[in-house]
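Listed below, chain by chain, are the residues.
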Amino acid sequence: MNTFSRIIGTGGYLPKNVVTNADLEKTVNTSDQWIRERTGIEQRHVAEDGEHTVDLAENAARLAIEAAGISPQDIDLIIVATTTADQVFPSTACLLQSRLDIHGCPAFDIQAVCTGFVYGLSVADKFIRTGTSKCALVVGAETFSRIIDWTDRNTCVLFGDGAGAVVLKADNTPGILSTHLHADGDFAKLLHVPSGVSTNYPAVQEGRAYVEMAGSEVFKMAVKILGQIVDETLEANGLERQDIDWLVPHQANIRIIVATAKKLRMPMDRVVQTIAKHGNTSAASIPLALDHAVRANDIKAGELLLLEGFGGGFTWGSALIRY
Ligand code: COA
């Protein structure tokens, strides 16, 4: 009998501290109206000093574990998708493993920026399909605020912090029907932090390793590739647009989300939208949106979900899921 992976629990966590558009009006030359009209964002959550990616990840993971009705010790694989790891090493996944008092199972981070959660889900699904794992914890967690230049209006209005998590379990029926991952490093400079451990390390030490972005080029690229990946996902599964019950998109810009929904001819009330309250939380955005819709009782058992995302790299990907 084939083994598939199923989502059996979701969790999400946002730092308490909220930064509104009105707050940003006081620090950069922007306006609440501009941010709402161009991005759909009203506010974002920003971690306090001393609150780290693993703290957010732990909160989201514990909620997903509780929702799944399992004990942490049932987990035999931990993947954390993050761009903002607590330390150079060990991985945030190892830090999380210790917090959850889990010992011995593989734990590692995935770096695919805003597509990270879809990458993580795809890898975990393959571990389960091959029989290597039976119960996986996949987390997207970010303190993206730490790599934002809060004086740069082109980027600081867009991003926020948070974490989302799912527990995946081996099952005889899917679950995750297919995942589709892509990257093209030729587009690295459209959206990047041009400093790291091996390049321009002083910028990292001095806390000025910041996101740089060619906004309108990223926008056009995102609309194009998300349209392509919708087609690819439907075709791979022999499905039509109307078969999808819910679109769970990466929350980067409401106008990008609307463009993808149009491509699917999907009414906006079937599109999970958290951007107004969360902003773009990078790898956390899709699992946070999923958890939001599950806990609101919008997404119901048996419905067909299309998750899609894009991000720095350039990376992009999708997952088709029977919930
Ligand atoms: N407040 C006010 N004005 C701003 C602003 C802000 N925060 N940011 C940019 N502007 C200005 C620009 O300077 C420009 O002014 P100009 O016409 O005098 O030169 C004007 O607004 C329009 O800029 P433009 O970049 O053309 O706007 P846009 O409609 O493309 O919206 C983004 C900008 C960044 C919101 C949009 O391009 C976007 O969302 N891109 C994708 C970003 C993304 O998703 N990144 C993450 C990927 S995971």
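In this text, all values refer to a predicted model and were calculated from it rather than measured experimentally. (Residues numbered from 1 in each chain as written. Predicted model: local features only at pLDDT ≥ 70, side-chain atom pairs only at ≥ 80, totals over all residues. Heavy atoms only, no water.)

**Brief notes about the overall build of the protein chain**
Part 1 of the argument: Along the backbone of the protein chain there are 11 helices and 13 strands.
Part 2 of the argument: In terms of C-alpha radius of gyration, the protein chain reaches 18 Å, essentially the compact-globule figure of 20 Å for 323 residues.
Part 3 of the argument: Seen through its principal axes, the protein chain has C-alpha atoms that stretch 60 × 45 × 35 Å.
Part 4 of the argument: Of all 323 residues assigned to the protein chain, the portion counted as buried reaches 54%. (Helix = DSSP H or I, 4+ residues; strand = E, 2+ residues; numbered from the N terminus. Rg over C-alpha atoms; globule rule 2.2 N^0.38 Å. Buried < 20%, exposed > 50% of the residue type's maximum accessible area, 1.4 Å probe, protein only.)

**Observations concerning the side chain of Thr 274**
Part 1 of the argument: Along the chain, Thr 274 falls in the loop between helix H9 (254–263) and helix H10 (275–278).
Part 2 of the argument: Relative accessible area serves as the criterion here: at 5%, Thr 274 is assigned to the buried category.
Part 3 of the argument: Not counting residues within four places of it along the chain, the set of residues in contact with Thr 274 comprises Gln 251, Gly 279, Ala 289 and His 292. (Contact = heavy atoms within 4.5 Å.)

**What to know about the sheet that holds strand E7 (residues 162–171)**
Part 1 of the argument: Taken together, five strands build an open sheet; the order of strands is E1-E7-E6-E4-E5 and the sheet is mixed. Across the chains shown, the open sheet's two edge strands, defined by having one partner strand only, are strand E1 (4–13) and strand E5 (107–110). Each strand of the sheet is rotated relative to its neighbour by a mean of 20 degrees, with strand direction disregarded.
Part 2 of the argument: Relative to the sheet, helix H3 (residues 53–68) contacts E1, strand E6 (135–142) and E7, its axis offset from that of E1 by approximately 125 degrees. (Pairing = 2+ DSSP bridges. Axes fitted to C-alpha atoms, helices over the stretch in contact; angles between N-to-C directions.)

**What about the environment of Gln 228?**
Part 1 of the argument: Position of Gln 228 relative to the elements: it lies in helix H8 (residues 215–236).
Part 2 of the argument: Gln 228 sits in the partly exposed class, given a relative accessible area of 43%.
Part 3 of the argument: Along the backbone, Gln 228 and Thr 260 are 32 residues apart, and their C-alpha atoms lie at a distance of 9.8 Å.

**Examining the site of the ligand**
Part 1 of the argument: Taken together, the neighbourhood of the ligand is formed by 23 residues, with Thr 30, Arg 38, Arg 153, Gly 215 and Asn 253 sitting nearest.
Part 2 of the argument: The contact in question runs from an oxygen atom of the ligand to an N or O atom on the side chain of Arg 255, over 3.1 Å.
Part 3 of the argument: When the free accessible area of the ligand is taken as 960 Å², the share hidden by the protein chains comes to 72%.
Part 4 of the argument: Counting only elements with at least two residues in the shell around the ligand, the list comes to helix H2 (32–39), helix H6 (153–156), H8, H9 and strand E12 (304–311).
Part 5 of the argument: Among the elements that line the shell around the ligand, the one with the most residues is H8, at four residues.
Part 6 of the argument: In the shell around the ligand, the residues fall into 10 nonpolar, 10 polar and three charged.
Part 7 of the argument: Taken together, domain 1 (4–173) and domain 2 (178–322) each give at least three residues to the shell around the ligand, which thus spans both. (Near = heavy atom within 4 Å. Polar contact = N/O pair within 3.5 Å; in protein donor to acceptor, adjacent residues only side chain to side chain. Areas by Shrake-Rupley, 256 points an atom, 1.4 Å probe, with all protein chains shown as cover. Nonpolar A, V, L, I, M, F, W, Y, C, P; charged D, E, K, R; others polar. Domains from an automatic or database assignment.)

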